[in-house]
Every structure is written in structure tokens, then in C-alpha cells.
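Fold and geometry: a report
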Amino acid sequence: MRVTKTRGFSFARGNLAKLWAAPAYALGALLSWFVPRVDARWVFGSGIGVGEGALALARELRRSDPAAVILWAVPGRSLDASPEAEADAERARRAGFAPVPRDSWAGFWATLRARMLVVTHGLGDVNRFGQRGARIIHLGHGSPLKRLHFDAPVTTSVSGPAPLRALLRRMYAAGSRSVELYVAGSLEAAGRLRTAYRVAPGKVRVLGDPRDDELAAAARDAGMADRSRAELRALIGLEPGVEPLVLYAPTWRDGEPDPAAPTPEEAAEIQAALQRLGARLVIRSHRLGAGAYEIAQPSVHLLGSDVLRDITPLLAGFDAVITDYSSLALDFALTGGPIVWFAPDLERYTLTRGLYEPLEVTAAGRVQRTWSETLERLREVLATGDPRRAAAQAESRALAARFHAHPEGGAAARVLGEIRRLGLPDAERVAPGGVFFESFYGRQAACNPLALDREIAGRAPELPRYWSVASESVAVPEGAIPVLVGGADWFAARRQARLLIVNDWLRFGFRRGRGQTVLQTWHGTMLKHLALGRPRVRPRTRLAILRERRRWSLMLSQNPHSTAQFRSSYAFRGEVLELGYPRDDRLARSVAAPGVTRDRADAADAADAAGAAAGAGTASRIPLAVETARRVLGVPRGAHVLAYAPTWREGAAPGVGAGVVDALEVRALAAELNTGTDAWVVVARGHTRTHEFGGYGGDPRVIDASAHPDVNDVILAADLLVTDYSSVMFDAAVARVPLAFFVPDLADYRDRERGFTFDFEACAPGPLLASREQVIEAAKEAIRANGAVPAACVEAYRAWRARFAPHDDGYAAARVVDALVERGALPPA
């Protein structure tokens, strides 16, 4: 058998063609204004021809709606342009669809008239120039292992001057935005698609991959699997039999040869191994790939796309799969069969194309680098009774659990149902007159909106409550309805809500409707300048700030300082509710009277009675509050806790890496804290703007609480809370937690980056530190003080609380809801 090197597609050539076609895009967009679309008309296309999830969805559409007009875009200018085009046209007809040549005027007109366009590989699956104004559904073609689109610089590469490259990126971005629905098979895949296409989370829905529907059924039905095996054997010219079939599916390398193509010596080694195993190797090269296989061996068979367009439905017929980075492996995982990962160019591929996670993670640490290693691993996973086979099957099932949210199949029906919902009016999507909540752009259900949600739900449980979430993984309060940011339900919930409660900007062109109230709670008392108060505010930014403040009806303030800052920094002229912070109610209620003994999670430590008697004016946290916080964070019993909660940085700064601020180097800090007799745990929490980066793990003495839903647990668990310029310093004071400030960049941050709204150095309620050694000494001092504020900071701490937490008595949420009822934003209880 010989597979010869061919001139395959490359991103650079494809991008150059896209740029040359810019006038045609403009003409098509112009015509779309005058040519009406037909609601019942659908055009399907796929990069592999008639197949992938597009075929499954088209069949479901035909079954459920016989009146639908279904056309299939066949590559080329005519249906007889090539043998492949003729074959695709015939496959479309046999499936009951009308074929249309994609690149012809007929293909352009069909696309321009269709209401629905369905693609799997990209917008080029159907005619590119007639798409404006259509509803575009992007099904994808498997869960991505390798980086896609904007996540892989190679995909937008083109030679030429910077303006040309910028134009190409704008064209890619416009194409991404034109898609109304991206379909993902799992939450893991959805996250990758959202970054790859730079689209709002609500445009990507976890519905399952329609291309896996048949495979999912075969994975549960031994009879279907046997029929798949028989069909595969027939396709490669074999009689029915039971010998193992092994699929080798290397991925595409943007026109480069496959480095795994075996030498003659390796080909002989492959044949010998297959004979010993009594197995057959079926090679399925990527349809765009270029490589050279010289394997004239009787146990090796080629199964190209010219013979079988879509192999996914028949994967259950294989006993094992060998691949490098192909998503076929994740499809095959549905069967629970073993996967052998063979990547001889792992380092180069990771650097050039890139992977969403190290292949060693996907492969559970087992990546083969040579054919010899691969064949030995194949022997292990095919051996009946070998525990390594059972382990490989377990790893495959674990992959299926990660990458298949709907292993039961039925994705085509779910996708079609979601498509039909796209045209629903707002009133049919959400209940009108509810409350819309958003905190930190949907990254968490937290802060003041969460505290107000609890109060509102307690008073009016029948009131619909919608929570904005940036991912399906964000937990919302019981009884609330999550809506994905930027999705149709999300926009409907905002438009239909009687009251919106948010703690940051509204974005996406929001306009407050008649009868709507928007409460901007913000997310902390400000030490650093914000909005108009920041240095070097550009005119465009100034206009955006003023436009945003007009969207708010009311603002919530924790203290007089915040009220004054809102008036100046946002030039806000509306009503400010200076009632305290609902998010701090729990902290305020966690405090007992001075002198009351508490049971600490680490033992029965005495309370801070001595500190109170000395005039510290501090109060003890209630034992149960501390114990609960430490338990939910996973703090071992008997350990002291140093909490580290830095703010984010806009540019390069000490300790900043990929967005994570770790100037204190928490792993080194934990090691140094634990050199004595006391056991310590460092609980690190990054700013919400850096949560996606993680970055604090890797040491059992460090707990990364960045994604923990409630920062109050971090505060309550702490023997000492260390921050730099984060507003957590004001919340911690409500709970009387000792504070220290690690600020080695104080002068730079104060004078050049953000600046301060008051003289922080003169009134800080804890020591200002510049070295890790000083932080360690402050931690030891906190233990010696038994939870009390150090004597040197008592007066500053008392003044700090009086200035910044005068209203935080544990009942701020109730006062705010009362105020909203009085103003008609909520119905009376």
C-alpha cells in the first residue's frame, strides 16, 4: 500500500484566498438587504462531504419536519466537477436532500435565500458570500484537543503587511460573531470553543455532538457494534471474522508530512507485531493530511475518505484506536475501548499548533514516542485479562465522562430543539417582571447580588430570579434560573426584568427600559482610583464611563467615602443608598462580644479577651463560623491559616504571570511557615479577573480558593489576612480579622498604576510589609496575639472600622430590600 504526498490545504493559502475574496463578501452582504430569506429553507454543509453531525441533524429535521426544504452544499462549481463531487451529490440524493454546487451561482443563491445554515468545519462549508442575515449553526467536528481558530495563531496566519493581517483578523472575528449557535459535546469542549471563537458563553451550548449519536447507540448495543465491525471488514476487503481491528488515525499538520509515517524497517515491525496479535491495522489519515506510508503488508489496510466519508458512526467496530491529537479518540472513548497515544512530534506540535491541555494529561501520562513503544502498548491493551487493558479501558471511560455530557446520544434532537427556540420572543423565553442578578460578569454568583438574592427569595419566593453565568459550572442559588452570558435567554431576562442587581458594568449595549430599575451595588469600597478618577483616562473611555452610569437607577454604598467616590469617579447624579454592604452581613453576624471564648478549628484556643481588656476593641468570631469556613475550604484540623488575597494588575508587576498575582510566592511562604512547630496552611485567592488562570496549586500546604464561591469563607478562616490593595481589607475589618499588607510595589502602584483615594499609608489598619520574612513574622505575631489585633494597630483598626464599616451590622440586605420595595422596584411582601 502507498499513500503519496499531496498538496493539501494550508491555513496560509486559505487565508490568502479569503482576503482576495473580500469584494465578493461585500457584494453578498449588500444583496442580502434586498433578497428575502425563506424560513423553511435549510442549507447544510460539511468539510468531509455528506456526513458529520450535519448529516445526523438533517436526518432529524427530515424526520420531524417533512415540509422543510433541505439542500446540501457540495464542494465545487458543479455537481460533476470531480468524482468526489459526483459521489457527494449522489449521497445527498440518497439521503433525501437536494445537492447544490457550493461555489456556483446556484450555491450562492441557495445560501442567500435560506433562513438556516448548518456547518461543521467552518463557514466555508456552505457558500461564503450569501450568509449575512441567515441563522448560522456551527456543529463543530469533535471535541477539540488541538487549539482552534484564535487560540492557534497558525489559523489566522498570512504573509503581508500589518494592515493586511489586521483585516484578516477582523474578517475572522466577524465570521465568529455571525454564528448564532455553536454546539459543544461537553462543558470542557464548550470552554475551549468560547475562547477559540471569542464569543459570548451563551452562544455555545452543551447539547452533545450529533455526529456521535449512532456511535452512542452502538456503544450500548452489542449487535450494532458487530454490524459496524462487519461493515468495516467489508470496506477493507475482508471476510467476516473476529480478529481485532485497530484504527490508526493521525491528525492533520497544516500540509506538513506526518512524522509518524513508518520507515520500511518500522513497517516490517508493524506487520510482525500484528501477526503476533492476530490483529489488523486500519489507517485513516486526516482528509487534509499529507504524508507518505510505505506499508506493503498484508495486515495493514487503508481506509480513506474516498471509501468512507464519515468513520465516526462505525468506531464501535474497532477494538482499539491509535492516534496523536485526533478528536476521533474522544469519540471512541464512548465505547470504553483502549486508546494508544502516539505522538513522535509532541514538543514541536505543542509549540506550533498548540494543545488545550498537555497531551500527558489527556493520555493519563501514557504517550508513546516511537512505533516500537506504540506496538508494545498495543499488545498490553489488547491482551484479555491483562490488568493494563482494564486500566486503559478505565482511562477511556474517564475521557468519555469529561468530554461527553450526553453519552446517551440524542444530540440531533436536542440541537434541533435549541435551533427552534432561537426565534422565540422574549416573553416565551423568560417570565416577565422578575429579578436579574449578575456579579463579576457572571464568573461567580457572589458578592452583594448574592446576599440580596437570599433576602429577596426569602420575602418573595414566587418572584422569578435569573442569574447571569459565564459557564454552566457556575452554581446559582436554589430556585434561581441560570442564563448564559450573551445568549438569547440572557438578553431576554435582562429586557424582561423588573429589577436588575449587578456589581459591575452591564455591557452588550444595555438600555434601561421603561419601568426597569437597575441597582449597581459595586464590589467593594475603593482604595484605588476607578473610572474617571484613574490617571490618564482617554476620551473614548470617558464617554464609555458616562454612558454606563446612565444605565443605573440606584447605587449602593458601604460608607460615606464610597458615596463620595461614586459621585466623582462616575459623575453619578442619581440616588445612592448608603446602607452598608449586604455581602458583609455574614461577617458581621460572625462576631461575638469581646471576651467570649471560642472553639477554634485548630483546638480550643482562648478568645481575644486579653486584647479586648487592653482596649483593642476587637471581638471574637463565633466558633461555628470559623469551623464552617475552614471545613468548606479543606483546611486540616490543627492548622493555622494565612489568607493571601491580592488584587489584579493591569500590566507587568512583580509576581505576575499569565494574569496571576503571586508576589508573595505562596508555595515558598507555606514551606517557610512550616519550619517551626506550628502547622500552617496558606489559603490563596486571586482577584475575580484572574480566576481563570488559577496558579496557586501544586503544594498540599497551599489551598487555591480563587474559584471558591464565597470569599467570606477565606476571611473567616484566617488567623491573618494578607492583601495588597484589594477591597477585601474593608470586608475583613467587619469580621475583626487581623490584617497585614504585602506592598513591595507601593510607590509604583500609588504613583504610576492606579493611585489611592485616601492616604493609605497614614491610616492602614495593619503593618505595611515588603518582604516574605516580615509576613512570616506578622503571622507569628497573630498567633501570639491569639486572634486579636496587634496592640500597635489597635487605634488605626478602630478608626478604620468606624470610617469604612459604619453601617455593617449584619442587616444591610434587609435595609436595601426595604428601600427597593419603597421605590417600587420590588413588590411589597
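Residues numbered from 1 in each chain as written. Predicted model: local features only at pLDDT ≥ 70, side-chain atom pairs only at ≥ 80, totals over all residues. Heavy atoms only, no water.

1. Digging into the packing of aromatic side chains
Overall, the coordinates contain 29 aromatic pairs when judged by the stated rule. Here F741 and F760 contribute two aromatic rings whose centre-to-centre distance is 5.2 Å and whose plane-to-plane angle is 85 degrees, an arrangement assigned as edge-to-face. Of the two residues, F741 is situated in strand 29 (residues 739-742) and F760 in helix 29 (residues 760-763); the sequence distance between them amounts to 19 residues. When its relative accessible area of 0% is taken as the criterion, F741 is described as buried. Among the aromatic residues, those joined into a ring-pair cluster are Y725, F741, Y749, F756 and F760. It is R589 that lies over the ring of Y811; its NZ or CZ is 4.7 Å from the centre. (Phe/Tyr/Trp six-rings, centres within 6.5 Å; stacked < 30°, edge-to-face > 60°. Helix = DSSP H or I, 4+ residues; strand = E, 2+ residues; numbered from the N terminus. Buried < 20%, exposed > 50% of the residue type's maximum accessible area, 1.4 Å probe, protein only. Lys NZ or Arg CZ within 6 Å of the ring centre and 35° of its normal.)

2. Some points on the nonpolar core
Counting residues in hydrophobic clusters, the biggest one holds 52 residues, and the most contacted among them are I501, L519 and L820. Within the second largest apolar cluster, 45 residues are counted, among which are A625, V737, F741 and Y749. (Core = buried A, V, L, I, M, F, W, Y, C linked by side-chain atoms within 4.5 Å.)

3. Details of unusual backbone geometry
The backbone phi angle of R507 is positive, close to 65 degrees, even though this residue is not glycine. Structurally, the position occupied by R507 is in the loop between strand 19 (499-502) and strand 20 (517-520).

4. With respect to the environment of A260
Along the chain, A260 turns up in the loop between strand 9 (245-249) and helix 10 (264-277). As a C-alpha pair, A260 and A343 span 83 residues in sequence and 7.6 Å in three-dimensional space. For A260, the contacting residues outside a window of four places in its chain are Y248, F342, P344 and W371. (Contact = heavy atoms within 4.5 Å.)

5. Re empty space enclosed by the protein
A full pass over the atoms with the stated rule returns 5 cavities of 30 Å³ or more. By volume, the largest cavity is sized at about 80 Å³. In terms of lining, the largest cavity is formed by 14 residues, of which the most central are G208, D209, D212, H404 and H406. Counting only elements with at least two residues in the lining of the largest cavity, the list comes to helix 8 (213-220) and helix 16 (411-421). Residues belonging to the lining of the largest cavity are distributed by class as follows: 5 nonpolar, 5 polar and 4 charged. (1 Å grid on protein atoms, 1.4 Å probe; cavity = no way out; pocket = protein on both sides within 12 Å on 5 of 7 lines; lining within 4 Å. Points joined across faces, edges and corners; volume = space filled by probe spheres on them. Nonpolar A, V, L, I, M, F, W, Y, C, P; charged D, E, K, R; others polar.)

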